[in-house]
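Understanding the architecture of this molecule
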Amino acid sequence: MVHQKSVIVALVLVTIAIVSHATPIGGGWRARADKIQQDFRVWQRNETGSSNGNENEAGSNRGNINGNGNDGAGNGNLNGNRNTGSDIGTVNGNSNSGNDNGNANGNGNNGTDVGNRNGNANNGTFNGNFNGNLVIGNKNGNENGNENAGDKNGNNNGNSNDGSLNGNANGNGNDGLHQGNSNGNSNHGNANGNGNGNTNDGLGNGNSNGNDNTGNMNGNNNGNLNDGNDNGNLNGVENTGSGNGKDNGNKNVGSSNGNVNGDGNTGDGNGVNNGNDNKGNDNGNANGLANIGSHNGGENGNGNTGGANGNNNGNTNTGKSNGVDNGNANTGNSNGNGNGLNNDGNGSGNMNGNHNAGNQNGNGNGVGNNGNNNGHFNGNSNSGSHNGNGNGGGNSGDQNGANNGNVNSGNSNGNGNGNANSGNGNGQLNGNKNNGNDNGNAAGNGNAGDGNGQLNGNENTGNNNGNNVGNANAGTGNGVSNGNGNHGSNNANEVGNSNSGTGNGFGNGNDNLGNNNGGMNGNHNSGNGNGALNGNENEGNNNGQINGNGNSGNKNGEDNGNANLGDNNGQGNGNGNSGSGNGAGNGNDNIGDKNGVGNGNDNAGSHNGLGNGNSNDGSGNGQGNGNGNVGSGNGSNNGNGNVGTNNGSGKNTTTQTYTNVY
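Residues numbered from 1 in each chain as written. Predicted model: local features only at pLDDT ≥ 70, side-chain atom pairs only at ≥ 80, totals over all residues. Heavy atoms only, no water.

A few points about the overall build of the protein chain
The helix and strand inventory of the protein chain stands at 2 helices and 45 strands. Here the protein chain has a C-alpha radius of gyration of 35 Å; the compact-globule value for 662 residues is 26 Å, and the former is much larger. The principal-axis extent of the C-alpha atoms belonging to the protein chain is close to 115 × 35 × 25 Å. Counting only residues that meet the buried cut, the protein chain has 58% of its 662 residues in that class. Put simply, of all contacts in the protein chain between residues at least 6 apart along the chain, 78% involve residues at least 24 apart. Entry remark: accessible area of the protein chain is about 20700 Å², with carbon and sulfur atoms responsible for 51%. Of the side-chain charges in the protein chain, 19 are positive and 42 negative, and the distance between the mean point of each set is 15 Å. (Helix = DSSP H or I, 4+ residues; strand = E, 2+ residues; numbered from the N terminus. Rg over C-alpha atoms; globule rule 2.2 N^0.38 Å. Buried < 20%, exposed > 50% of the residue type's maximum accessible area, 1.4 Å probe, protein only. Contact = heavy atoms within 4.5 Å. Areas by Shrake-Rupley, 256 points an atom, 1.4 Å probe, with all protein chains shown as cover. Lys, Arg positive; Asp, Glu negative; His and termini not counted. Charge placed at Lys NZ, Arg CZ, Asp CG, Glu CD.)

Things to note about the pattern of salt bridges
Using the criterion set out here, one finds 2 salt bridges in the structure. With a shortest N-O distance of 3.0 Å, Glu143 and Arg117 are connected by a salt bridge. A residue pair is termed long-range when its members are at least 10 positions apart, and Glu143 in the loop between strand E6 (136-138) and strand E7 (149-151) and Arg117 in the loop between strand E4 (110-114) and strand E5 (123-125) qualify at 26 residues. (Salt bridge = Lys/Arg side-chain N within 4 Å of Asp/Glu carboxyl O.)

So, the environment of Gly644
Among the structural elements, Gly644 can be located in strand E45 (residues 643-645). Counting along the chain gives 15 residues from Gly644 to Asn629, while the straight-line C-alpha distance between them is 27 Å. Other than its neighbours up to four places away in sequence, Gly644 contacts Asp617, Gly618, Ser619 and Asn621.

Some words on the confidence of the model for the protein chain
Looking at the protein chain, the pLDDT average stands at 89 and 90% of residues meet or exceed 70. Here residues 1-46 scores under 50 on pLDDT; set against residues more than four positions off or in separate chains, the count is 66 contacts. Below pLDDT 50 for its whole length, residues 654-662 participates in 21 contacts with residues either more than four positions away or in separate chains. (pLDDT = per-residue confidence, 0-100.)

What to know about the pairing of E4
Pairing between strand E2 (residues 84-88) and E4: 4 bridges, direction parallel. Residue pairing across strands places Ser86 opposite Thr112, the latter belonging to E4. (Pairing = 2+ DSSP bridges.)

Spelled out as structure tokens, the structure:
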């Protein structure tokens, strides 16, 4: 008790020092400092119910009903002193049982209905002390530090507020150790720092909430109803504006949940409803911080179960409605962290990293976007390990980086999609609904223009399918619908990339079954409608690869390397053409080995190198046809429908013979 009493002595001496240097009221406080200290020494000897209701001036109902009905030692002292105004410093420090409870409440206030009903009905040791002091204004610093049981609960709440309806109903009904302390202090404005640090059970819960706010309705209802250790602390602090930093860090169960949420925001409605209803360890921390604007950083880090879920979401956004609804309802370990950060604009970085189950899913999504409605709905509903991370970040423009990395199961699926796009409607719907390992990663990134890098790397099953798809396109509608619906291993990778123009590199590398099918199609095209519909619906190994690349002009390198059955069919078709309608319809529907290879390449002009190397059955049929033509209507319909070995190859209308695999 000696140590606890020394803390109370220190608090009282701080109060004396502050008041003694304030503007004199009713004769001045500095001249009475010695008298106040003398009264405190008297209380030290009398132990209980001393130095209450003294030196109140200039008002009515001041310093009444303090320090009554206490049972124990060091309870109900130094309450309701040195107040000026009406209805000040009443009903403090009553009905406590134990030691060192209900002291130094309701002192040094100036205004109306301030510093009342603090430090009552506590049971234990050092509960309900130093509440409702040094308040200026109306209805501030009331109903703090009551009905606590245990040790060191409900202290230092509702102090030094200035304005109306600040610092009320903090630090009440806690049971345990070090709970409900230092809440609702130093607020300026109206309706700030109320309802914090109440009804916690355990150790170190509900402390330092709702402090240092400026404006209206900031820092309210934080750090309540937690059960466990170190939950619901440092929420709703240092906000400026209206309706910021409230409803954070509540109803957590476990250890180190719901801390440091809703702090340092500027504007309206920022940092609201974060870090609530978590169960386990290290969940729902550091959400809704340092946002500027309106309605940023809300609904983050809630309802998680497990370890290290729902942390660091919805922070440092600028604008309106950014960083909202991230890192919620995750189960497992290290899910839903670092989402919805550093966005600038409106409606960006929202609904990321939710409903994941497993380990390290749904992290780092919706970060660093600039514009409107970017980086939202990424990294959700994944199960397994390392799924749905790093999606929808670094975009500029409108409607970029959305709906990526969702509903994956397995390991390392749906990561790094929809990033660094500029323009409108880029990098969307990539890396979703994959099952297996290393599917649907690095899709829809680095596009510039409108509608690029969409619908890539989805619904793959197996290993290493649909990766690095729909990236670095420039123009309109490039790199779309690639690398989807593959089953097996190493299918449809490096598809639909680096195209420029309109409608290039789309519909490649889809619905393959087996290994190493549909890869490296539809890349590096420029113009309109080039490198499309290649490497689809193959079954076997090494089919439908390296088709529809490096074309320039219109509708070159289309519909190559599709629907082959066997091994090494439909490769190297429709590449390097320039002009219009060249290198299309080659290397399709082959059965066997090495059929439909190297057709329709390097043509210039119009409608050259069409329909070669199709529907062969056997080995080495339909190769090297329709290449290197110049003009119109050359090198078409060669090397088709052969049965056997090495039939229908080298049919070109020029003197060149192509036997290389493109």
